[in-house]
Each structure stands twice: as C-alpha cells, then as structure tokens.
Amino acid sequence: MHRIKLTDHLILILGVLFLLLPIWVVFASSTHRPETILNQGLQFWIGDYFLETYSAVLFDNTGFTQAVNAVLMLKNSLILGLGFSVGKILISTIAAYAIVYFRFPAGSFFFWIIFSSLLLPLEVRIIPSYEVVSKLGMLNSYTGLILPLIASATATFFFRQFYKSVPEEILEAARIDGAGPFRFFVDILLPLSKTMIAAIFIIMFVVGWNQYLWPILMTTDESYFTVVMGIKQILNDLEGNRIPQYNKALALSFLAMLPPVMVVLIFQRWFVKGLVESEK
Amino acid sequence: MKRQQFDSFTLPYLLIAPQLAIIFIFFVWPAAQAVYQSFMLEDPFGLASQFVGFDNFIEVVSNEHYARSAIFTAIFSGLVAFLSMAIALLLAVKADGILHGQSAYKIMLTWVYAVAPAVAGMMGVFLFDRSIGPLNHLFNATGWPFNPQLDVFDASVTVILVSVWKQISVNFIYFLAGLQSIPRAVREAALIDCRNGFRRFWTVTLPLLAPTGFFVLVINITYAFFETFGVIDTMTRGAPGGGTATLVYKVYQDGFLGADIGGSSAQSVILMILVLGLTIVQFRVIEKRIHY
Amino acid sequence: MKATKTIFAAAAGLAMLGAGAANAATEITFWHAMGGGLGETVNTIAKDFNASQSEYKLTPIYKGGYEETMTAGIAAFRAGEAPNIIQIFDAGSATIINAKGAVYPVASLLNENGVPFHAEDYISGVRNFYADSKGDMIGMPFNSSTPVLYYNKDALAKAGVQPPKTWEEFEEIAPKLKKAGYIALSQSHTPWIFSENFHSRHNIPLANDNNGFDGVATKINYNNEHMRMHFSKAREWQQAGLFGYYGSKWGDNQKPFIDQEVAMWLGSSGSFGGLKKSAKFAFGTTNLPYWNSITKGEEYTTFIGGAALFAFSGKEKAQNEGVAKFFQFLTKPETQFFWHKETGYVPITNAAYKLAQETGYYNDEPDAEVGIQQLNQKAAANNKGYRLGYYVQIREVMTREYDQVFAGTKSVDDAFAAIEDGANKLLARFAKTVQ
C-alpha cells in the first residue's frame, strides 16, 4: 500500500514539474545577460541581472513613439481584464434574471439569440467586427476594446444555469413576504450568487487579460497596447536583424503571465468552484 | 416550465436590453456581414463588390490546402484533447487518492490555467529554439534530428505539446471535481468489491466520470479549434509548408493577412456551421448535467 | 446603445475614449512596419521633421510586420479611419496600386502641393517599382533594399576561396567550404531572393502583361525550366551539405551565419546595419550570384525589395500638404544619407547617393555600396518590378511548396506545378475583384 502511494506522489511530482519547469526556466533565464543566453542557451538557475532587466522592461521606453513600457501595458491589460469581467457580470446577471424569473412572450426567443452568440468566436468574424467598432467611432478606446468581447454570452448562460438551480421555495417565500422583483434580486438572489459572481469574475478577468488578436487589430494608438500583445512586438523584434534581447523578451513573457496567475492562486477556491459550475 | 415567475410587462425587457444591444451590435451585425460577404467578391479596399453566389465556398472547399488544413485541424484537435485529458485524468485520479499534500498539488497543478495561449506559445518559441532551446537540445541528444522549421511532424509536436501543456490544468480541475462528486458510499462499495485498483478505475470510476469526461471533451475541442490561435501565431504561423495551420488560423491568414474578404468569410461560415454542431452537442450535455 | 455604453462605462469607471489633444499643428499619422532599431531610426526622422517646422506634427505608429501593417491599413480604410501615410511592402504594392481612388499618387500629391516632382531625381532601380506604366510614382520608395551575398571572410580564407560571382563558381567553392567545416550557404527569403529576384537577375519574365505593369496579370511564369533547374540544384546542394535551409523565417536562416556555422548568407542589403552589430567576425558583401549558363555572361540588375510609403486619398488639404512636406524632407539628401547609414537601406535619390560618395562613406564602408551598385546594373525588359494581385497569398503558396521541396516531401516539378496552379487561381480571383 505504501509503495503505491509513493508512485502516486512520483506521478504527481512529475506532473507538477512538467507544468512548472518551463515557467521556471523562463523566469531564471530572464535574470541573465542576453549574451549568456545566446552563448549557453536558456538558464536553469537565477542570474545576477534580475533588477536590471526588470526595471528596464518595466520603466524604459521601448522605442515606440511614445513612452510605452511594461508598466503602461500592464495597466492597459488590467483595465481590459477588469472592464471585461465587471462589464460582463453587470450585463449578464440582470439578463439572466430576466430570462429565468420573468414570464414574457419574447423570453425564450431572446434567450436563443443570446445563446447563438456562443457560436461564432471573435476570431472568425474579426473584420466585420472591426468595421462595426470603427463605424461607432470606438477605435482606440477602452470601450471599443472591451464591448465586442463582451458580446459572447458565456456568463449569461452560466447565470441562467445558476438561477435555475436556486430552489423555487425561496422565490415562493419571498413572494409571501411581499418582495417585488427588485427586492428579490437585490436582497435575495445577489447575496445567494456572491460566490458565483466572485468565481466568474476571476475567470473572466483571466480571459480578458489573455486576449491577443483583438487588441492587436483594435489599437493603433500605442498608449492602448496590452502586455499580451506586447509579445507580438517582441517576436517581430526577435525576427528582425538586431541583437535579440532575449532577457527582456523572457521578462515580458513572465510579466504578462504573472498577474492572472496571482489572481488564480490567491482566489484558488472561488475560481475552481466557478469553473466547475459554470462549465463555460 | 412550471417554475414560478414574476409578471411584468416592461421590466424584463429593460433587464435584458443591455445584453441584447451588445449582442446585436457586436455579434449579430458583424456575423450577418460575414454571411453576406461570403457570397460576394470584393476588392481588398472595399471599393467594388459583386455577387458571386456559392463561388467562394466552391473555391474554398476545392482547394487542396484547405482540405489539408482541415485534416491537420482534426488530428491536432484530437491529439490535444486526448493527451491533455489523459494526463489530467491520471493526475486527478492520483491527487484524489492521496490524503497528504492534496491541496498543495492542487494549487501547483491548476495555476497554469491563467497563462495566455500567446504567452505559452512565446515560451514554446524559446524552449524549442534551434540554438538556445533546451528542449531542442534534449530531442537532438536522443538522436532525433529534431527540426521544427522544416519538418511538419516536428513542428506539429511543438504546437501540440504547448497546447496540451496549457490545457492540462483546466481538465485537471474538472476531473478532480468530477471524481470528488462521486458519493462516498459508492467509492467504499467499489473498494470492497473490487480490490484491483486498475480494474476498479475502468469498471466503476470511469463510467461514473463519463458525463464530466464528455463535457471536458467538448471544451477541449473548442479550445483546440479556437484558442490555440495564439499558440500557432507565435510559434509556427502555419509553417512549415502550411502544415500546422488550423482552420481558424487559415481564416486569419487568408482573410486578414491576404485581404481576401469573400474567401475568408466563406471559411468563417463553414466554421460557423461546424461550431454550431459542436455547440448543440455541448448544450445537450450541459442540460443533461444540470438535470441529474 | 447609448444607454448601454453609459451604464457600462459608468459602472466600470472606464469612460476613457481616446481623443487626440487639440493643438495648433496639423496632425499627420504614419503607420509603419519598422520594428526594433529600425523603428527607432524612423522615430528620429519623425522628430527631426517635427523640429524642422511647426505647421505639421507627424506621428509614426508601429503596426507590426509588413503583412499586419497592410492589413491594418486596409481595415482602417474600409472603416474610414485610414492614416495619412502607410508603409506597404513590395508584395502588397499591386493590391494598393490597383485600389483605384484609395491612394493619392505621390507624383500628383507632390506636384499639387507645391513640391515639384521629378522622376529622374530617383535612382533608376528605385524609380519604376512603385510607378504606373507611364513612370509616374504612385508610392514613395522608402526602405529600399536588394538581395546581396554576405560572406564570412575568415571562413573563405580558411577554405582558400573567393566569394562566387556566379552559381557555377559557387558549385566549385562550396565543397571546399564544406571541407573547412562550414555549410557553404543559406538564404533568408525563398520567394524574394530565389524566385522574384532570380527572374530579374536573369531577365526572365515573371508574369504576363509585362509582369503586371500593363494590365492585371493572370498568368504566373514561375514554372519555367530555369527555376526548376535552380531549385533542383539547391535541393542537391542541401542534400550534399552545401546549402542549409532553416525553414521559412528570416532570422532562422540568418542566425547560422552569425553563429559561423554557415559561410555565406543571402540576405538584404538592409541587413547590413544589423549584421555589423551582431556578427563577431569580419564579413564582406558582394552581388547576388547568377547562372552564367542562363544569362550568357550578362549581369542584370535585381529588384528593389522593402517597402514604399503611400498616401491615402480623401484627406484634408492641409494634411496632404503636410504629407508632401514630409516626403520632401524624407527625400532630402541629408535625411536619405542618415537613413542609409543607420539602416543599410539604399539611398533612393541620386543626390543622396552622390552625397554619400562625396563624404567618403564608401571608402570606410565599401560593403554599404554593394546594394546600390547592384541596383544600377544593366536593366532590361524584366527588371522594372512586378505587379501581381493577392501576391501576399501567392508568396504564402510558394513558401508552402518550397518548404516541402526542402523537407524532401515533394518533388521540384510537383511543387512548381502546384505554385503555378495556386498562383494563377489567385491572380484570376484578383482580376475579377478589380474589374
């Protein structure tokens, strides 16, 4: 029995290594000089240039017209992540409330329209989406960056499922107490959904933060660049014909994943609950 | 539908209005545009366009590279889903079985979820680099003339590995939750009836896990279809020989980079139909899970 | 809709719509594809232009690689948000030139805004590529380069050989370089160097209708005996360890040269500036080799590569004037010489070339002159350039097929048949869109 447990741990440890080692190598290498990486390959242990590399990446102008540095890109990513998750929760909690708790003729028709938005990811309708956003004068704005991403109804779908799982007796009891639709939503349903909202918030924050293609198209103004699309600039740079700044590229990759990873780590419990129950 | 509901004439419309507005403006309108354009032939700058019926579709479907890309997408999605699910399931079963340190493993196995596909791809670029990448050196050291720049198989290995790596965490979370929702009584009964752990897994655990498994499969296929865009764009851009371009990447490559809007709209519509099928399956599975 | 926006923005606290600060100077936007060090040089030029006058403020914006920049420009034009100036690369020139009315031809733009335009001011190799069949420039050549051969001097000395003038000479020296421990050659852009410029260097037509200059071309000529011969040879060299093909990416093929695994590398004359910084050995530059057996001793010029600047139409008069002023500033000999020195791209005007000669720059850096000398070599019917629609996708088809040739999974004949078929379909499709 004990030996079996030992192999179990071994398998789990191998799994952990498989997942974490690449990230470690990226971090460790980012603390070396680019020449070291160029001559000896990626590094497995921390070097002496952590502060130098990271302060350069975070604060130095990276050669665009304006002073675009990682701090600005991280800020933009944060706005995108927060705006996306908050916006999505605001819109979807009330939309799902209407669908589940109201009897109205067009209800199921609307539900199907909303549901149909799950069919076509942004990637395959990207040019018309761009045209729409620009017709509305929303290019180079956080609104234009965020709203089209919210158009997918994943969260609405989830809240619908969640509300349907709320026992009917609660509504009955509330009605006996004379609660109207507004009071029921604010005083009863929202408090019940608290954990779920937190969970969805975390998941959506990560999804928003990790957007790649849409920000590349949307933002022609460097002050709106996000850190994940910064990766694209690095790649172009690496393929160009100057000395590759491996250390900085690695550092930016690490910085791009750090905030969502921290969020997931800190709110582990909610996030897992949300994932399992939302089922996207 | 015997559920109790409120009756109000205007309130539900007000509540649903923001969501509907966003969906109409940013989903229905562009999607309708895509369908419309799939029947049109237009110059890249949109200065002139003409109706061409199903020509765009015929051209897409008869193109041998589109067929190749479809085959690659199927193999790629199948492998990514299978491998990431198999590894995650193994880890979940092991994590479920141990008592000490389970939460530590759980934390360490889940947070890769938060890494963006594009960032994962970027890490892949470094790890598989011809001169600085340790994985490249490792493969070469085993006698494998690893050459992802030229060899489609090797390049596929790199994008599949990175895509699998990125997806294990999510699958692990679902599988572990699925395992832990199996009632204690059932587990104990199984433990008594069936002493062989491997057989117990096949005959008791796996069937009970099937609904979760099916759901995870759908999620993984969706992931492999769409979200791996970032991985492919950073790592291979469909090279070598167009051998690692998924259907979604081709939409981007032909329509966006190549400025052929009619052709890429036709590809979008084909994908739309594919995803429609997938979503119907997904919807059914979710409904089933909610009801039991 | 407005309500939604308000609710959303208020709740999220993000009501920040991008708006340019209003000031007196006329704003001009310039989208470009020059990343890294090249981008810094573009920024310097823009700063200098802004400092040289106060009426206009030019803002250069990096939009990613060539393809991304062109795509972003097209999407922006369709949305009515086009920048004033966009940098479009050689392969995309037909797309933008054929878009009637989208572009304000540079020759007219300059003439109508008080900056006289003379085609003869530009060096001959640069003059025609972005011009119409009458010779009026539609795009302003910007970063112009041409493929050249770089060689590692130590490696060649070790093997006791001279850099090859022709491919016949290459076949003689390559085994010696191999014996000295090097792979003799790599090249960074199979469509550009081994295909398009192969046709220019040997004066072979590349497509019908005068290579697309006289009409919308519909027939590609890549599937010809010379191309099949050249690629069969290249494949043989590769198998014999004389030629390294490291995939389709530029940097992947350049790196082995920098790492001194490969003795000679075919790259861009614009790679010169970067190579000087990254190569830790003495290297030389010479002309792109040609097959003596094809040209019978003649040496024809190559095409320019790189990109040109196009002005979008439908802009305010004041902005167009600013664009004209910027182009005037850009083509000044001093600006061109600075650009040439910093980047290695060729100077586009005769005056700038003369200035570079007079300052003695080429005495110190003889290699920097190779590109422009090659562009001044003998011109004939097929050296003006090519203008082919959907050429970005045609290059994609070529890359796809060449990858397979050098991976050994497709024969040269099959690959060229596939290129011909794929390219002609795309050309026919493009012809339909513009007629």
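Rules used in this analysis
Residues numbered from 1 in each chain as written. Chains lettered and ligands numbered in written order. Predicted model: local features only at pLDDT ≥ 70, side-chain atom pairs only at ≥ 80, totals over all residues. Helix = DSSP H or I, 4+ residues; strand = E, 2+ residues; numbered from the N terminus. Buried ≥ 20, exposed ≤ 12 C-beta atoms within 10 Å, placed from the backbone. Contact = placed C-beta atoms within 7 Å. Core = buried A, V, L, I, M, F, W, Y, C linked by C-beta atoms within 7 Å. Nonpolar A, V, L, I, M, F, W, Y, C, P; charged D, E, K, R; others polar. Pairing = 2+ DSSP bridges. Domains from an automatic or database assignment.

**Observations regarding the overall build of chain B**
Right, on to step 1. Broken down by element type, chain B carries 12 helices and 2 strands.
Right, on to step 2. Each helix and strand of chain B, ordered N terminal to C terminal, gives the series α-β-β-α-α-α-α-α-α-α-α-α-α-α.
Right, on to step 3. Oriented by its inertia axes, the alpha-carbon framework of chain B measures out at about 75 × 70 × 30 Å.
Right, on to step 4. Across the 292 residues of chain B, 50% fall into the buried class.
Right, on to step 5. The long-range share in chain B, meaning contacts at least 24 apart out of those at least 6 apart in sequence, stands at 70%.

**Things to note about the nonpolar core**
Right, on to step 1. If you look at the biggest cluster of nonpolar residues, it comprises 317 residues, and the most contacted ones within it are Ile200(A), Ile202(A), Val119(B), Val248(B) and Ala184(C).
Right, on to step 2. The leading source of residues in this core is helix α4 (residues 70-101) of chain A, at 18 residues.

**Let's talk about the interface of chain C and chain B**
Right, on to step 1. At the interface, 32 residues of chain C touch 27 residues of chain B.
Right, on to step 2. Of all the elements in the fold, those that place two or more residues in the side of chain C that touches chain B are α1 (2-12), α3 (66-78), α12 (250-258), α20 (391-407) and α21 (412-434) of chain C.
Right, on to step 3. Of all the elements, α20(C) adds the most residues to the side of chain C that touches chain B, at 8 residues.
Right, on to step 4. In terms of residue class, the side of chain C that touches chain B is made up of 13 nonpolar, 9 polar and 10 charged.

**Notes on the pairing of strand β9 (residues 262-268) of chain C**
Residue and element names in this part refer to chain C.
Right, on to step 1. The buried count for β9 comes to 7 of 7 residues, which makes it a mostly enclosed element.
Right, on to step 2. Bridge analysis of strand β6 (residues 147-152) against β9 gives 5 bridges, and the strand direction is antiparallel. Bridging from a neighbouring strand, Tyr150 pairs with Trp265 of β9.
Right, on to step 3. As paired elements, strand β7 (residues 183-187) and β9 share 4 bridges and run parallel to each other. Bridge assignment links Ile183 to a residue of β9, and that residue is Val262.

**Description of the interface of chain A and chain B**
Interfaces are often sized by the amount of accessible area the parts lose when they come together.
Right, on to step 1. Counting residues at the interface gives 79 residues for chain A and 76 residues for chain B.
Right, on to step 2. No other element matches the 12 residues that helix α1 (residues 2-30) of chain A contributes to the side of chain A that touches chain B.

**Quick word on the domain arrangement of chain C**
Residues and elements named next belong to chain C.
Right, on to step 1. You can read the domains of chain C as domain 1 (25-145 + 304-375) and domain 2 (147-301 + 389-434).
Right, on to step 2. Taken residue by residue, the interface counts 24 residues in domain 1 and 24 residues in domain 2.
Right, on to step 3. Listing elements by their share of the side of domain 1 that touches domain 2, those giving two or more residues are α4 (93-97), β5 (140-145), β11 (305-312), α16 (333-343) and α19 (370-375).
Right, on to step 4. The dominant element in the side of domain 1 that touches domain 2, judged by the number of residues it contributes, is α19, at 4 residues.
Right, on to step 5. Tallied by class, residues from the side of domain 1 that touches domain 2 come to 7 nonpolar, 14 polar and 3 charged.

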